[in-house]
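Coordinate analysis (summary)
Here are the chains, one letter per residue:
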2 protein chains.
Amino acid sequence: MTAKVGKNYKLTLAYDGTDFLGWQRQTKGPTLQGVLEEALFKLCGHPVTVWASGRTDAGVHARAQVVNFWTSSPRSTVELVRGGNAILPMSMAILSAQEVTEDFNARFSAVGKTYAYDFSIAPVRNPLLVFRAWHVGPKLDWDRIKAALPLLVGNKDFKAFGSAGSEVKTTVRTISEAVLTKPEEDIQRLTLTGSGFLRHMVRTIAGTLWLIGRGRMSPEELTALIESKDRRRAGPVAPPQGLFLERVYYDPAL
Amino acid sequence: MTAKVGKNYKLTLAYDGTDFLGWQRQTKGPTLQGVLEEALFKLCGHPVTVWASGRTDAGVHARAQVVNFWTSSPRSTVELVRGGNAILPMSMAILSAQEVTEDFNARFSAVGKTYAYDFSIAPVRNPLLVFRAWHVGPKLDWDRIKAALPLLVGNKDFKAFGSAGSEVKTTVRTISEAVLTKPEEDIQRLTLTGSGFLRHMVRTIAGTLWLIGRGRMSPEELTALIESKDRRRAGPVAPPQGLFLERVYYDPAL
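From a predicted model like this one, the values you see are computed outputs, not experimental measurements. (Residues numbered from 1 in each chain as written. Chains lettered and ligands numbered in written order. Predicted model: local features only at pLDDT ≥ 70, side-chain atom pairs only at ≥ 80, totals over all residues. Heavy atoms only, no water.)

This next bit is on the domain arrangement of chain A. Residues and elements named next belong to chain A. Segmenting chain A into domains produces domain 1 (7-108) and domain 2 (111-249). Computed from C-alpha atoms alone, the centre-to-centre distance between domain 1 and domain 2 is 27 Å. Each partner contributes to the interface: domain 1 provides 14 residues, whereas domain 2 provides 15 residues. Here domain 1 packs against domain 2, burying approximately 1,200 Å² in sum over the two surfaces, 49% of which is carbon and sulfur. In terms of surface lost to domain 2, no three residues of domain 1 exceed Asp-57, His-61 and Arg-63, which account for 45% of the buried area on that side. Inspection of the domain 1/domain 2 interface yields four salt bridges. As a salt-bridge pair, Asp-57 and Arg-203 come within 3.2 Å of each other at their nearest N and O atoms. Our count for the contact surface shared by domain 1 and domain 2 stands at 12 residue pairs in polar contact (both at pLDDT 80 or more). (Domains from an automatic or database assignment. Contact = heavy atoms within 4.5 Å. Buried area = accessible area lost by both parts, 1.4 Å probe. Salt bridge = Lys/Arg side-chain N within 4 Å of Asp/Glu carboxyl O. Polar contact = N/O pair within 3.5 Å; in protein donor to acceptor, adjacent residues only side chain to side chain.)

Residues and elements named next belong to chain B. Between helix α1 (residues 32-44) and helix α2 (residues 77-87), the shortest axis-to-axis distance is 9 Å and the interhelical angle comes to 120°. Comparing the axis directions of α1 and α2 gives the class oblique. Where α1 crosses over α2, the handedness of that crossing is right-handed. Along its contact with α1, which presents Ala-39, Leu-40, Lys-42, Leu-43 and Cys-44, the element α2 presents Glu-79, Leu-80, Gly-83, Gly-84 and Ile-87. Of the residues belonging to the contact of α1 with α2, the class tally is six nonpolar, two polar and two charged. (Axes fitted to C-alpha atoms, helices over the stretch in contact; angles between N-to-C directions. Helix = DSSP H or I, 4+ residues; strand = E, 2+ residues; numbered from the N terminus. Parallel < 35°, antiparallel > 145°, perpendicular 65-115°, else oblique. Left-handed = near helix turned anticlockwise from the far one by under 90°. Nonpolar A, V, L, I, M, F, W, Y, C, P; charged D, E, K, R; others polar.)

All right, on to the relation of the copies chain B and chain A then. Two copies of a chain can be linked by a rotation about an axis combined with a shift along that same axis. Mapping chain B onto chain A calls for a rotation angle of 180° and an axial translation of 0.0 Å; the resulting RMSD is 0.0 Å. Accordingly, the operation relating the two chain copies is best matched by a two-fold axis. A share of 100% of interface residues in chain B that are also interface residues in chain A marks the association as one of identical surfaces. (Least-squares fit on C-alpha atoms with pLDDT ≥ 70 in both.)

A separate point is the interface of chain B and chain A. Across the boundary between the two partners, chain B contributes 23 residues, which contact 23 residues of chain A. When the buried surface of chain B facing chain A is broken down by residue, B:Arg125, B:Pro127 and B:Leu128 rank first, second and third, together holding 41% of it. Here chain B is connected to chain A by zero salt bridges. Scanning the region where chain B abuts chain A turns up 10 residue pairs in polar contact (both at pLDDT 80 or more). Within the residue set of the side of chain B that touches chain A, elements represented by two or more residues are β1 (7-15), β3 (61-71), α2 and β4 (92-100) of chain B. With four residues, the top contributor of residues to the side of chain B that touches chain A is β4(B). Broken down by class, the residue content of the side of chain B that touches chain A amounts to 16 nonpolar, three polar and four charged.

The next point concerns the environment of B:Phe161. Tracing the sequence through the fold places B:Phe161 in the loop between β7 (154-157) and β8 (172-184). Spatially, the C-alpha atoms of B:Phe161 and B:Gly207 are 9.8 Å apart, while their sequence positions differ by 46 residues.

A cluster of acidic side chains, namely A:Glu184, A:Glu185, B:Glu184 and B:Glu185, defines a negative patch on the protein surface. Relative to the helices and strands, A:Glu185 resides in the loop between β8 (172-184) and β9 (187-194). For A:Glu185, a relative accessible area of 67% gives the class exposed. (Patch = residues over 30% accessible without salt bridge, like charges linked within 9 Å, V, L, I, M, F, W, Y side chains within 5 Å. Areas by Shrake-Rupley, 256 points an atom, 1.4 Å probe, with all protein chains shown as cover. Lys, Arg positive; Asp, Glu negative; His and termini not counted. Charge placed at Lys NZ, Arg CZ, Asp CG, Glu CD. Buried < 20%, exposed > 50% of the residue type's maximum accessible area, 1.4 Å probe, protein only.)

In the structure shown here, the tally under the stated rule is 20 aromatic pairs over all chains. For the ring pair B:Phe119 and B:Trp134, a centre distance of 5.9 Å and an interplane angle of 35° mean the geometry is tilted. Note that B:Phe119 is positioned in strand β5 (residues 112-120) and B:Trp134 in strand β6 (residues 134-135), a separation of 15 residues in sequence. Across the pair, exposure class does not vary: B:Phe119 and B:Trp134 are buried alike. An aromatic cluster is defined as three or more aromatic residues linked by ring pairs; in this entry it consists of A:Tyr117, A:Phe119, A:Trp134, A:Trp142 and A:Trp210. One Lys or Arg, A:Arg63, reaches over the ring of A:Phe244 and ends 4.2 Å from the middle of that ring. (Phe/Tyr/Trp six-rings, centres within 6.5 Å; stacked < 30°, edge-to-face > 60°. Lys NZ or Arg CZ within 6 Å of the ring centre and 35° of its normal.)

This part takes up the confidence of the model for chain A. With 98% of its residues at a pLDDT of at least 70, chain A reaches an overall mean of 95. Reported confidences for the modelled complex are a pTM of 0.93 and an ipTM of 0.90. (pLDDT = per-residue confidence, 0-100.)

Residue and element names in this part refer to chain A. Within the secondary structure layout, Thr-77 lies in helix α2 (residues 77-87). Considered as a pair, Thr-77 and Ser-96 are 19 residues apart in the sequence and their alpha carbons are 7.9 Å apart. Ignoring any residue separated from it by four or fewer positions in sequence, one finds Thr-77 in contact with Tyr-9, Ala-97, Gln-98 and Glu-99.

Take α2(A) next. For the α-helix, the turn length of 3.6 residues means that residues three or four positions removed from each other point alike. Among the residues of α2(A), those classed as buried are A:Leu80, A:Val81, A:Gly83, A:Gly84 and A:Asn85. On its buried side, α2(A) packs onto β1 (7-15), α1 (32-44), β3 (61-71) and β4 (92-100) of chain A.

Another point: unusual backbone geometry. Glycine aside, a negative phi is what most residues show, and trans is what most peptide bonds show. Notably, A:His200 is not glycine yet its phi reads approximately 70°, a positive angle. On the secondary structure map, A:His200 appears in the loop between β9 and α4 (201-213).

Time to look at the pattern of salt bridges. Under the definition given, this model contains 18 salt bridges over all chains. The shortest N-O distance in the salt bridge between B:Glu99 and B:Lys7 comes to 4.0 Å. Of this pair, B:Glu99 sits in strand β4 while B:Lys7 sits in strand β1, placing them 92 residues apart in sequence. Look at B:Lys7 and you get partly exposed, because its relative accessible area is 39%. Put simply, B:Arg63 and B:Glu246 hold a salt bridge, and the shortest N to O gap is 2.3 Å. One end of the pair, B:Arg63, is in strand β3; the other, B:Glu246, is in strand β10 (residues 243-249), and 183 residues separate them in sequence. Taking relative accessible area as the criterion, B:Arg63 reaches 29% and is therefore assigned partly exposed. Look at the salt bridges and you will find they share partners, linking A:Asp57, A:Arg199 and A:Arg203 into a network.

Structure, rendered in structure tokens:
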């Protein structure tokens, strides 16, 4: 861990998570944190530690992950973007960089997030979507799924969608928006915006909606499931390749 | 080459060309023809040769490539689709299979094709589009490009967009439609439909439109370029990863 010396920078990143073991640095193989810290080390001339808004799992993608890091390097934000993108592998890009106040921390300052989860509804697997969506086929009842979405919205204890054993003080979160769109012919996209999400929460909601779409749970049962706080009653954790971190929200004053 | 014994089947395929050396079977590495013929060998119990509507280059994708092959195997079309997809790598899928007349040949019976070419207009490279589009950035003038499209349409000698040294009897082709759409925020998609295309023709048109979009050629100059039949006056061959074979057209009686 590097000290808070120099300037505090916020970076917005996009990445294709397919070939990585996830966000968090580890020795078993390539991670997103690892390649980013390595690129910033080369660029800044000193070891760099980045803090992310949250860790994404192996195979999960980001259209706009946010991190911050401290550096004593005189690099400008333009140099960080251009220089960083010249060093980074093609699977990651720095979309923007800005100097932020010393109080800004990508994780603890985040006030909300948007995630998307893509279901492929193609009759046969679409090879161009294999690592970008969960192939559920054409038979789900999307009207049933749509009917269930409003039941997710609100300030609730989402313990039923959390992963066992994760250490969080509270499993209460606020989901402010849950929508279904069809950005292309073969895709149904679930987009969830909220104050924050438990580990595996979006994927477990996706897996539960899949149960509803298959007719194995009624939309109304979703409320009872949430109130039960019983993870065993929820659906499976949907596979990682359908998940995209879309946006992280911060107080603009930071 | 296998003899015309048994039944003649038409297969429609989708593939992600990223990890292949192109369509045509070769010994240097994996090819799309190679993995398909291997899967059909396992499925049919005898060596199989497939004829494609055309060869796609390394890195080029297909949403609906068409092939035909002859087999004495009693496999039904449903078994060919299900069994084939169980054996094929995730990067290829058989979308449909049908028995066709003995006169059907995927290449020689084709009466037209549609190709799409995707340009990524993101300010910074989008890691999720690196192998799906040509990253040209946000600065091209798409109105200029749009103004040039009608000049491509018609029955013309497209020698200026052909690859030197390719053996074809005539370089005259008909382009019936040339349109520009914006299927997602970061993508401008050129879609060309025609009677057939010379080797590298779509990519060379894409490279020439890029010159026009950069202001280095006027839309009107496109007509003079086509009439000159001079390959040196056209733009560069745009990179393969932006190209998608969208559809192949046949006489429905075959």
